[in-house]
Amino acid sequence: MAIGYSIYDVFTRQKLAGNPLAVMFDADDLDDVTMQAIAREMNLSETVFVTKSSNPAYAASLRIFTPALELPFAGHPTVGAAIAIAERSHGEGDADMVAVLEEKVGPVRCAIRVRNGEASFAEFDLPRKSSQAQLPLDSGQLADALGLAEAQIGFENHVPSIWTAGVPFVMIPIQNLSAMEEVDFDAGLWLRNAPMVEGRLTSAYLYCRGGVNHAAKFHARMFSPDMGIPEDPATGAAVAAFSGAIHHFDGLTDGHHPLLIEQGVEMGRPSHIHLNMDVKENEVFRARIGGHAVRIATGTFEI
(Lines give C-alpha, C1' and ligand atoms only; values in the text may rest on other atoms or scores of the structure.)
Protein backbone atom coordinates (compact mmCIF):
# COMPACT_ATOMS: atom_id res chain seq x y z
CA MET A 1 0.00 0.00 0.00
CA ALA A 2 1.29 3.45 -0.93
CA ILE A 3 0.15 6.60 0.87
CA GLY A 4 0.93 10.14 -0.24
CA TYR A 5 2.24 12.48 2.40
CA SER A 6 3.68 15.95 2.91
CA ILE A 7 5.80 17.41 5.67
CA TYR A 8 5.06 20.93 6.83
CA ASP A 9 6.89 23.24 9.21
CA VAL A 10 4.10 24.75 11.30
CA PHE A 11 3.84 28.00 13.26
CA THR A 12 6.52 29.58 11.14
CA ARG A 13 6.95 31.39 7.83
CA GLN A 14 10.47 29.96 7.44
CA LYS A 15 11.44 26.48 6.29
CA LEU A 16 13.40 24.39 8.81
CA ALA A 17 11.91 26.31 11.73
CA GLY A 18 8.70 25.86 13.69
CA ASN A 19 7.28 22.42 14.45
CA PRO A 20 7.52 19.76 11.70
CA LEU A 21 4.37 17.76 10.94
CA ALA A 22 3.78 14.75 8.73
CA VAL A 23 0.40 14.82 6.96
CA MET A 24 -0.69 11.40 5.66
CA PHE A 25 -3.39 11.72 2.99
CA ASP A 26 -6.13 9.22 2.08
CA ALA A 27 -5.48 7.15 5.20
CA ASP A 28 -8.96 5.55 5.36
CA ASP A 29 -7.66 1.99 5.03
CA LEU A 30 -5.14 2.24 7.87
CA ASP A 31 -5.94 0.72 11.27
CA ASP A 32 -4.95 2.18 14.62
CA VAL A 33 -1.89 -0.04 15.04
CA THR A 34 -0.53 0.92 11.62
CA MET A 35 -1.13 4.63 12.25
CA GLN A 36 0.79 4.44 15.52
CA ALA A 37 3.63 2.52 13.85
CA ILE A 38 3.88 5.14 11.09
CA ALA A 39 3.96 7.93 13.70
CA ARG A 40 6.83 6.14 15.46
CA GLU A 41 8.60 5.76 12.12
CA MET A 42 8.22 9.46 11.28
CA ASN A 43 9.36 10.30 14.85
CA LEU A 44 8.00 13.86 14.77
CA SER A 45 6.05 15.49 17.57
CA GLU A 46 2.87 14.57 15.68
CA THR A 47 1.76 12.80 12.54
CA VAL A 48 -1.77 13.47 11.32
CA PHE A 49 -3.82 11.05 9.21
CA VAL A 50 -6.45 12.54 6.90
CA THR A 51 -9.54 10.40 6.27
CA LYS A 52 -13.02 10.98 4.90
CA SER A 53 -15.62 12.13 7.41
CA SER A 54 -18.99 10.45 7.67
CA ASN A 55 -20.47 13.96 7.93
CA PRO A 56 -20.64 15.58 4.48
CA ALA A 57 -20.44 19.04 6.08
CA TYR A 58 -16.89 18.31 7.28
CA ALA A 59 -13.86 18.67 5.00
CA ALA A 60 -12.09 15.69 6.53
CA SER A 61 -11.58 13.63 9.67
CA LEU A 62 -8.21 13.76 11.43
CA ARG A 63 -6.42 11.20 13.57
CA ILE A 64 -3.47 12.68 15.47
CA PHE A 65 -0.62 10.55 16.82
CA THR A 66 2.59 11.34 18.69
CA PRO A 67 5.36 8.69 18.57
CA ALA A 68 3.81 7.13 21.71
CA LEU A 69 0.03 7.67 21.64
CA GLU A 70 -3.05 9.15 19.97
CA LEU A 71 -4.33 12.60 20.94
CA PRO A 72 -7.94 13.80 20.83
CA PHE A 73 -6.80 17.25 19.74
CA ALA A 74 -3.61 19.15 18.95
CA GLY A 75 -2.90 22.59 17.56
CA HIS A 76 -0.05 22.24 15.11
CA PRO A 77 -1.62 19.19 13.38
CA THR A 78 -4.89 21.13 13.06
CA VAL A 79 -3.17 24.18 11.52
CA GLY A 80 -0.86 22.07 9.35
CA ALA A 81 -3.57 19.70 8.13
CA ALA A 82 -5.98 22.55 7.36
CA ILE A 83 -3.31 24.23 5.23
CA ALA A 84 -2.24 20.96 3.58
CA ILE A 85 -5.84 20.12 2.61
CA ALA A 86 -6.44 23.64 1.26
CA GLU A 87 -3.23 23.71 -0.76
CA ARG A 88 -3.88 20.24 -2.14
CA SER A 89 -7.39 21.14 -3.28
CA HIS A 90 -6.57 24.62 -4.67
CA GLY A 91 -3.18 23.99 -6.26
CA GLU A 92 -1.10 27.11 -6.86
CA GLY A 93 -3.97 29.60 -6.76
CA ASP A 94 -4.91 31.98 -3.97
CA ALA A 95 -7.77 30.87 -1.76
CA ASP A 96 -9.73 31.90 1.31
CA MET A 97 -11.83 29.15 2.79
CA VAL A 98 -13.53 27.88 5.91
CA ALA A 99 -13.42 24.16 6.68
CA VAL A 100 -14.58 22.01 9.57
CA LEU A 101 -12.20 19.22 10.56
CA GLU A 102 -13.47 16.31 12.62
CA GLU A 103 -11.19 15.38 15.53
CA LYS A 104 -11.63 13.13 18.56
CA VAL A 105 -12.34 16.23 20.65
CA GLY A 106 -15.16 17.19 18.26
CA PRO A 107 -15.56 19.36 15.14
CA VAL A 108 -12.96 22.10 14.75
CA ARG A 109 -13.78 25.12 12.59
CA CYS A 110 -10.80 26.47 10.63
CA ALA A 111 -10.27 29.52 8.44
CA ILE A 112 -7.46 29.17 5.89
CA ARG A 113 -5.68 31.75 3.76
CA VAL A 114 -3.54 30.53 0.85
CA ARG A 115 -1.43 33.01 -1.11
CA ASN A 116 0.81 32.06 -4.01
CA GLY A 117 4.46 32.58 -3.08
CA GLU A 118 3.72 33.13 0.61
CA ALA A 119 3.40 30.92 3.67
CA SER A 120 -0.21 29.89 4.15
CA PHE A 121 -2.06 30.78 7.35
CA ALA A 122 -4.77 28.92 9.25
CA GLU A 123 -6.69 29.75 12.39
CA PHE A 124 -9.13 27.57 14.32
CA ASP A 125 -11.72 28.12 17.01
CA LEU A 126 -10.95 26.27 20.23
CA PRO A 127 -13.26 23.25 20.17
CA ARG A 128 -13.33 23.20 23.95
CA LYS A 129 -12.98 26.01 26.45
CA SER A 130 -9.99 25.81 28.78
CA SER A 131 -10.81 24.68 32.31
CA GLN A 132 -8.75 24.32 35.46
CA ALA A 133 -8.14 21.03 37.26
CA GLN A 134 -8.02 21.66 40.99
CA LEU A 135 -5.17 19.37 42.04
CA PRO A 136 -2.34 20.16 44.48
CA LEU A 137 1.08 20.94 43.04
CA ASP A 138 4.40 20.97 44.87
CA SER A 139 6.64 23.79 43.60
CA GLY A 140 9.69 22.08 45.07
CA GLN A 141 9.00 18.89 43.12
CA LEU A 142 8.39 20.89 39.96
CA ALA A 143 11.65 22.79 40.43
CA ASP A 144 13.56 19.52 40.90
CA ALA A 145 12.11 18.10 37.66
CA LEU A 146 13.13 21.26 35.82
CA GLY A 147 16.60 21.55 37.34
CA LEU A 148 15.79 24.98 38.78
CA ALA A 149 15.71 26.56 42.21
CA GLU A 150 12.25 26.79 43.72
CA ALA A 151 12.63 30.59 43.80
CA GLN A 152 12.69 30.55 39.99
CA ILE A 153 9.16 29.14 39.88
CA GLY A 154 6.44 31.78 39.64
CA PHE A 155 6.25 35.49 38.88
CA GLU A 156 3.84 38.24 39.95
CA ASN A 157 0.64 36.42 40.96
CA HIS A 158 1.27 33.48 38.60
CA VAL A 159 1.74 30.12 40.34
CA PRO A 160 1.75 26.56 38.96
CA SER A 161 -1.68 25.34 37.91
CA ILE A 162 -3.28 22.65 35.73
CA TRP A 163 -5.42 23.50 32.70
CA THR A 164 -6.91 21.52 29.84
CA ALA A 165 -8.75 22.28 26.62
CA GLY A 166 -8.73 18.63 25.57
CA VAL A 167 -5.15 17.75 26.58
CA PRO A 168 -3.99 18.52 30.17
CA PHE A 169 -0.87 20.51 31.02
CA VAL A 170 0.82 21.66 34.20
CA MET A 171 1.32 25.37 33.55
CA ILE A 172 4.55 26.40 35.27
CA PRO A 173 5.38 30.11 35.37
CA ILE A 174 9.12 30.72 35.24
CA GLN A 175 10.80 33.82 36.66
CA ASN A 176 12.33 35.13 33.42
CA LEU A 177 14.02 34.25 30.12
CA SER A 178 17.34 33.56 31.81
CA ALA A 179 15.75 30.93 34.03
CA MET A 180 14.09 29.42 30.96
CA GLU A 181 17.51 28.90 29.40
CA GLU A 182 18.70 27.11 32.56
CA VAL A 183 15.99 24.43 32.48
CA ASP A 184 17.38 20.89 32.59
CA PHE A 185 14.29 18.72 32.33
CA ASP A 186 14.36 15.33 34.14
CA ALA A 187 11.91 13.12 32.23
CA GLY A 188 12.13 10.25 34.72
CA LEU A 189 11.36 12.48 37.69
CA TRP A 190 8.45 14.05 35.82
CA LEU A 191 6.96 10.66 34.93
CA ARG A 192 7.11 9.58 38.58
CA ASN A 193 5.44 12.69 40.02
CA ALA A 194 3.24 14.30 37.35
CA PRO A 195 -0.50 14.30 38.17
CA MET A 196 -3.13 12.49 36.09
CA VAL A 197 -6.06 14.46 34.64
CA GLU A 198 -8.93 12.93 32.66
CA GLY A 199 -7.05 9.64 32.58
CA ARG A 200 -3.97 11.20 30.99
CA LEU A 201 -0.58 12.08 32.45
CA THR A 202 -0.03 15.83 32.35
CA SER A 203 2.74 17.42 30.32
CA ALA A 204 4.93 20.33 31.43
CA TYR A 205 4.28 23.74 29.87
CA LEU A 206 6.71 26.43 31.02
CA TYR A 207 6.11 30.11 30.36
CA CYS A 208 7.41 33.56 31.22
CA ARG A 209 6.57 37.05 30.08
CA GLY A 210 8.22 38.61 27.05
CA GLY A 211 10.29 36.86 24.46
CA VAL A 212 13.30 36.92 22.19
CA ASN A 213 10.96 38.29 19.54
CA HIS A 214 9.97 41.76 20.72
CA ALA A 215 6.35 41.17 19.66
CA ALA A 216 5.95 38.06 21.83
CA LYS A 217 3.88 38.46 24.99
CA PHE A 218 4.96 35.09 26.38
CA HIS A 219 7.91 32.74 25.89
CA ALA A 220 7.23 29.01 26.35
CA ARG A 221 8.75 25.54 26.44
CA MET A 222 6.90 22.19 26.52
CA PHE A 223 8.09 18.74 27.65
CA SER A 224 6.03 15.56 27.36
CA PRO A 225 7.88 12.29 27.98
CA ASP A 226 4.53 10.47 28.23
CA MET A 227 3.79 11.42 24.60
CA GLY A 228 7.30 10.48 23.47
CA ILE A 229 8.20 14.17 23.00
CA PRO A 230 11.45 15.17 24.76
CA GLU A 231 10.72 18.83 23.91
CA ASP A 232 8.21 20.34 21.50
CA PRO A 233 9.00 23.31 19.24
CA ALA A 234 5.35 24.50 19.28
CA THR A 235 2.29 23.20 21.12
CA GLY A 236 -1.09 24.53 20.06
CA ALA A 237 -3.02 22.32 22.49
CA ALA A 238 -0.97 23.79 25.33
CA VAL A 239 -1.71 27.34 24.16
CA ALA A 240 -5.40 26.40 24.06
CA ALA A 241 -5.16 25.35 27.71
CA PHE A 242 -2.95 28.36 28.50
CA SER A 243 -5.74 30.71 27.44
CA GLY A 244 -7.56 29.84 30.67
CA ALA A 245 -4.49 30.45 32.81
CA ILE A 246 -3.83 33.82 31.17
CA HIS A 247 -7.32 35.06 31.94
CA HIS A 248 -7.29 33.52 35.43
CA PHE A 249 -4.08 35.23 36.54
CA ASP A 250 -4.09 38.39 34.43
CA GLY A 251 -7.80 39.18 34.75
CA LEU A 252 -8.26 40.29 31.14
CA THR A 253 -10.75 43.09 30.66
CA ASP A 254 -13.75 42.73 28.35
CA GLY A 255 -12.75 43.02 24.71
CA HIS A 256 -10.41 41.47 22.16
CA HIS A 257 -6.92 40.36 23.22
CA PRO A 258 -4.41 39.31 20.52
CA LEU A 259 -1.32 37.59 21.93
CA LEU A 260 1.79 36.22 20.24
CA ILE A 261 3.47 33.29 22.01
CA GLU A 262 6.92 32.08 21.01
CA GLN A 263 8.26 28.58 21.59
CA GLY A 264 11.10 26.38 20.34
CA VAL A 265 13.76 29.10 20.63
CA GLU A 266 16.04 26.96 22.81
CA MET A 267 15.75 24.14 20.26
CA GLY A 268 16.81 26.33 17.36
CA ARG A 269 13.31 26.03 15.86
CA PRO A 270 11.56 29.31 16.74
CA SER A 271 7.78 29.12 16.49
CA HIS A 272 5.14 31.84 16.69
CA ILE A 273 1.62 30.97 17.80
CA HIS A 274 -1.17 33.52 17.50
CA LEU A 275 -3.74 33.39 20.31
CA ASN A 276 -6.80 35.61 20.04
CA MET A 277 -9.11 35.82 23.04
CA ASP A 278 -12.46 37.57 23.31
CA VAL A 279 -13.60 38.35 26.84
CA LYS A 280 -17.17 39.27 27.71
CA GLU A 281 -18.57 39.80 31.20
CA ASN A 282 -15.26 38.64 32.69
CA GLU A 283 -15.38 35.30 30.84
CA VAL A 284 -13.49 34.03 27.80
CA PHE A 285 -16.36 33.34 25.44
CA ARG A 286 -14.24 32.72 22.34
CA ALA A 287 -10.60 31.93 21.62
CA ARG A 288 -8.75 31.15 18.41
CA ILE A 289 -5.29 29.82 17.64
CA GLY A 290 -3.50 30.43 14.36
CA GLY A 291 -0.20 30.29 12.60
CA HIS A 292 1.62 29.95 9.31
CA ALA A 293 2.96 26.76 7.76
CA VAL A 294 5.28 25.93 4.87
CA ARG A 295 5.59 22.64 2.99
CA ILE A 296 9.13 21.26 2.90
CA ALA A 297 8.66 17.76 1.49
CA THR A 298 6.22 15.59 -0.45
CA GLY A 299 6.48 11.89 -1.06
CA THR A 300 5.02 8.39 -0.83
CA PHE A 301 4.99 6.18 2.24
CA GLU A 302 5.02 2.48 1.32
CA ILE A 303 3.79 -0.18 3.72
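Structural data are supplied above this passage.
Residues numbered from 1 in each chain as written. Predicted model: local features only at pLDDT ≥ 70, side-chain atom pairs only at ≥ 80, totals over all residues. Heavy atoms only, no water.

A short note on the overall build of the chain
1) Next: Regarding its fold elements, the chain presents 6 helices and 19 strands.
2) Next: Computed over the C-alpha atoms, the radius of gyration of the chain is 18 Å, within 12% of the 19 Å expected from 2.2 N^0.38 for a compact globule of 303 residues.
3) Next: Oriented by its inertia axes, the alpha-carbon framework of the chain measures out at about 55 × 40 × 35 Å.
4) Next: Within the span of the chain, comprising 303 residues, buried residues form 58% of the whole.
5) Next: Once local pairs closer than 6 in sequence are excluded, the contacts in the chain between residues at least 24 apart make up 63%.
6) Next: Once the 22 positive and 38 negative side-chain charges of the chain are each reduced to a mean point, those two points are 5 Å apart. (Helix = DSSP H or I, 4+ residues; strand = E, 2+ residues; numbered from the N terminus. Rg over C-alpha atoms; globule rule 2.2 N^0.38 Å. Buried < 20%, exposed > 50% of the residue type's maximum accessible area, 1.4 Å probe, protein only. Contact = heavy atoms within 4.5 Å. Lys, Arg positive; Asp, Glu negative; His and termini not counted. Charge placed at Lys NZ, Arg CZ, Asp CG, Glu CD.)

Some details on the pattern of salt bridges
1) Next: A full pass over the atoms with the stated rule returns 17 salt bridges.
2) Next: Between E70 and R63 there is a salt bridge, with the nearest N and O atoms lying 2.5 Å from each other. R63 matches E70 in its accessibility class, with the two residues each being buried.
3) Next: With a shortest N-O distance of 2.8 Å, R209 and E156 are connected by a salt bridge. In this pair, R209 is assigned in strand 14 (residues 203-209) and E156 in the loop between helix 3 (139-146) and strand 10 (161-164), connecting sequence segments 53 residues apart. (Salt bridge = Lys/Arg side-chain N within 4 Å of Asp/Glu carboxyl O.)

Some details on the nonpolar core
1) Next: Ranked by internal contacts, the top residues of the largest apolar core, which has 66 residues, are I112, F169, M171, Y205, F242 and I289.
2) Next: Residue contributions to this core peak at 9 residues, all from helix 6 (residues 236-250).
3) Next: Setting aside chain neighbours within four positions, we find I289 in contact with F11, A122, E123, F124, L126, G236, V239, A240, I273, H274 and L275.
4) Next: L142, I174, V197 and F223 belong to the second largest nonpolar core, which has 24 residues in total. (Core = buried A, V, L, I, M, F, W, Y, C linked by side-chain atoms within 4.5 Å.)

A word on unusual backbone geometry
1) Next: Backbone geometry at E198 places phi at a positive 55°, although glycine is not the residue there.
2) Next: The topology assignment puts E198 in the loop between strand 12 (196-197) and strand 13 (200-201).
3) Next: Of note in the backbone geometry, E281 takes a positive phi value of approximately 55° without being a glycine.
4) Next: Structurally, E281 can be placed in the loop between strand 18 (271-280) and strand 19 (283-302).

Considerations on the pairing of strand 19
1) Next: Alignment of strand 1 (residues 2-10) against strand 19, held across 9 bridges, turns out to be antiparallel. Across the sheet, residue I3 finds its bridge partner in strand 19, namely F301.
2) Next: Summarising the sheet, strand 8 (residues 120-125) and strand 19 pair through 6 bridges and their orientation is antiparallel. Looking across to strand 19, one finds that F121 is bridged to H292.
3) Next: As paired strands, strand 18 and strand 19 are joined by 7 bridges and run antiparallel to one another. When the bridges of strand 19 are listed, M277 appears paired with A287. (Pairing = 2+ DSSP bridges.)

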